[in-house]
Amino acid sequence: MDFIKKHFEKLLLAGGLVVLIGCAAYLGYRVAKLSDEVQDSPRLSRGKKKAEVVATPTAIYSNAITGLQVPSLWQTNAIDPFHTQLEWTAPVAILITNRTAGPGISLLQVIRKQFTLKFQSYKEPGEEFAVNFITRNKTFFVKKIGMEIADTFEKTGFVITKFEKKQTEVFNKGLGITNKVDLSELTIEKKDAPPIVLILGKVAQEREPVAALHCQTDNQERRLRKGDELTCGGKTYKVIDITPTQVLIEDVKTKEQSTISLPGVKE
């Protein structure tokens, strides 16, 4: 006990020194290990295979941005005077002023409906075409030219026959910049029908117009295409031809033909 009392401070100092040596040894070990990890990290990163970067088509987004920057202007069009590509029904009050033929048949309007398929996107240089059904949420993916627009569950009957890359530049006066707009064309064809050209991102119109006819005798409205028949006032009429302003009908029985015009249009 006397020995411990005499040398207590020395023993305490020796114990602290041992602890300090242990801490120094541990810190040296951690520093050496960290240094090895830093040196090995470049080799590990070089050994890893970088993920491939897949290019995303930007034509659709570019066209959308350009459309916001440069809104479409109102134009005069013989087929669609208001350039809206939307259907319109004449008010009932206008029916009184419309020209009539036969037993009170009036022409309300001539409509060109939207084509159901829309060219949505493609992959350079001209493959992997995406064609949308605008009337419902469905997209067909066609690998290359010459293939039908179809999938496992549905066929449209249309085949892609041609792709033409087209591009134009549109200057935005407000922003003072020029944007490139992709207007590439996709030609599709159906058996026994003329080809239809679809422009990227734009809605096309059907070739055959629709005539909205009103039978005043029966107070009924019908929308007919060329070749369709209409019964009005006990007689049946066949649509022979449709122009942007007139419809030619024929009495099925007597073969007598009559022309119905829109208001203000001379026959």
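See the structure shown above.
Let me sum up the structure you'll find in this document. (Residues numbered from 1 in each chain as written. Predicted model: local features only at pLDDT ≥ 70, side-chain atom pairs only at ≥ 80, totals over all residues. Heavy atoms only, no water.)

1. Considering the overall build of the chain
We count it as follows: The helix count covers DSSP runs of H or I at least four residues long, the strand count covers runs of E at least two residues long, and both are numbered beginning at the N terminus. Here the term buried applies to any residue with accessible area under 20% of the maximum for its type, exposed to any over 50%, and partly exposed to those in between, with areas from a 1.4 Å probe on protein chains only. Note on definitions: a residue-residue contact is assigned when non-hydrogen atoms from the two residues lie within 4.5 Å. Here, Shrake-Rupley sampling with a 1.4 Å probe gives the accessible areas, and only protein chains in the shown set may cover a residue.
A tally of regular secondary structure across the chain gives three helices and 17 strands. For the chain, the residues scored as buried account for 27% of the 267 residues in total. Partitioning the contacts of the chain with sequence separation of at least 6, the portion at a separation of at least 24 is 41%. In the structure as shown, the chain presents an accessible area of about 18700 Å², 58% of it carried by carbon and sulfur atoms.

2. A few points about a nonpolar patch on the surface
To be explicit about the condition: Exposure above 30% relative accessible area and no salt bridge define the residues that can form patches, which grow by joining like charges within 9 Å and nonpolar side chains of Val, Leu, Ile, Met, Phe, Trp and Tyr within 5 Å. The term salt bridge refers to a pairing of a side-chain nitrogen on Lys or Arg with a carboxyl oxygen on Asp or Glu at a separation within 4 Å.
Judged by side-chain polarity, Leu17, Leu20 and Ile21 come together as a nonpolar surface patch covering roughly 320 Å² of accessible area. Tracing the chain through its elements places Ile21 in helix α2 (residues 8–47).

3. With respect to the packing of aromatic side chains
Inclusion rule: Here the aromatic set is Phe, Tyr and Trp, taking the six-membered ring for Trp, and pairing holds for ring centres within 6.5 Å; pairs whose planes are under 30 degrees apart are stacked, those over 60 apart are edge-to-face, and all others are tilted. Ring-over charges, as used throughout, are those where CZ of Arg or NZ of Lys falls within 6 Å of the ring centre and within 35 degrees of the ring normal.
Tallying each qualifying case throughout the model produces seven aromatic pairs. Plain terms: the ring middles of Tyr122 and Phe163 are 4.9 Å apart, the flat faces sit at 50 degrees to each other, and that makes the pair tilted. Pair noted here: Tyr122 is in strand β3 (residues 117–123) and Phe163 is in strand β7 (residues 155–164), with a separation of 41 residues, a long-range link. No difference in accessibility class separates Tyr122 from Phe163, as the two residues are buried. Of the aromatic side chains, those joined through ring pairs into one cluster are Phe119, Tyr122, Phe129 and Phe163. Over the face of the ring belonging to Phe133 we find Arg136, whose NZ or CZ atom lies 4.2 Å from the ring centre.

4. Here we look at the sheet that holds strand β4 (residues 127–133)
Threshold: Pairing between two strands is assigned when DSSP locates at least 2 bridges connecting them. To get an axis, fit a line to the C-alpha atoms, keeping to the stretch in contact for a helix; angles then go from 0 to 180 degrees between the N-to-C directions.
Spatially, three strands are ordered β3-β4-β5 in an open sheet, and the strand pairing comes out antiparallel. The open sheet has two free edges, formed respectively by β3 and β5 (138–142), since each of these has just one partner strand. Sheet twist, expressed as the mean angle between neighbouring strand axes with direction ignored, is 25 degrees. Pairing geometry for β3 and β4, over five bridges, is antiparallel. Considered in β4, the bridge of Phe119 is made with Val131.

5. Concerning the pairing of strand β10 (residues 185–190)
Two elements, β7 and β10, share six bridges in a ladder whose sense is antiparallel. When the bridges of β10 are listed, Ile160 appears paired with Ile188. Both β10 and strand β11 (residues 196–199) contribute to a ladder of four bridges, which runs antiparallel. Looking at the pairing, Ile188 lines up with Ile196 of β11. Between β10 and the antiparallel strand that follows it, β11, lie five residues; Asp192 among them carries a positive phi value of about 60 degrees.

6. Digging into the nonpolar core
This is how the line gets drawn: Residues belong to one nonpolar core when they are buried, are Ala, Val, Leu, Ile, Met, Phe, Trp, Tyr or Cys, and are joined through side-chain atoms within 4.5 Å.
Membership of the largest hydrophobic core comes to 19 residues, with the highest contact counts inside it found for Leu117, Ile149 and Ile188. Breaking this core down by element, the ones donating at least two residues are β3, β4, β5, β7, β10 and β11. Apart from the residues lying within four places of it in its own chain, the contact partners of Ile149 are Leu117, Val131, Phe140, Val142, Lys155, Thr156, Phe158, Ile160 and Ile188. Membership of the second largest hydrophobic core comes to 16 residues, among which are Ile105, Leu213, Leu224 and Tyr237.

7. Details of the sheet that holds strand β17 (residues 257–261)
Across a sheet, paired strands are connected by hydrogen bonds in the backbone, their directions being either parallel or antiparallel. If you walk across this open sheet you meet the four strands as β14-β15-β16-β17, and the pairing is antiparallel. Each end of this open sheet is capped by a strand with a single partner; those strands are β14 (229–232) and β17. Geometrically, the sheet is characterised by an average inter-axis angle of 35 degrees between neighbouring strands, direction not taken into account. Across four bridges, the pairing between β14 and strand β15 (residues 235–242) is antiparallel. Looking at the pairing, Thr231 lines up with Thr236 of β15.

8. Notes on the environment of Ile111
Note on placement: Ile111 falls in strand β2 (residues 105–111). In sequence terms Ile111 and Glu208 are 97 residues apart; their C-alpha atoms lie 9.2 Å from each other.

9. Looking at the pairing of strand β13 (residues 220–224)
Note: strand β12 (residues 210–215) against β13, five bridges, orientation antiparallel. Bridge pairing in β13 links Leu213 to Arg222.

10. A look at unusual backbone geometry
The peptide bond linking Glu124 to Pro125 adopts the cis configuration, its omega dihedral lying at 0 degrees. For Pro125, the position within the fold is in the loop between β3 and β4. Here the phi dihedral of Asp192 falls at roughly 60 degrees; this positive angle occurs in a residue that is not glycine. In this model, Lys255 sits at a positive phi of 65 degrees, which is unusual for a non-glycine residue. Summarising the element assignment, Lys255 is placed in the loop between β16 (246–251) and β17. Lys255 gets classed as exposed once you look at its relative accessible area, which sits at 53%.

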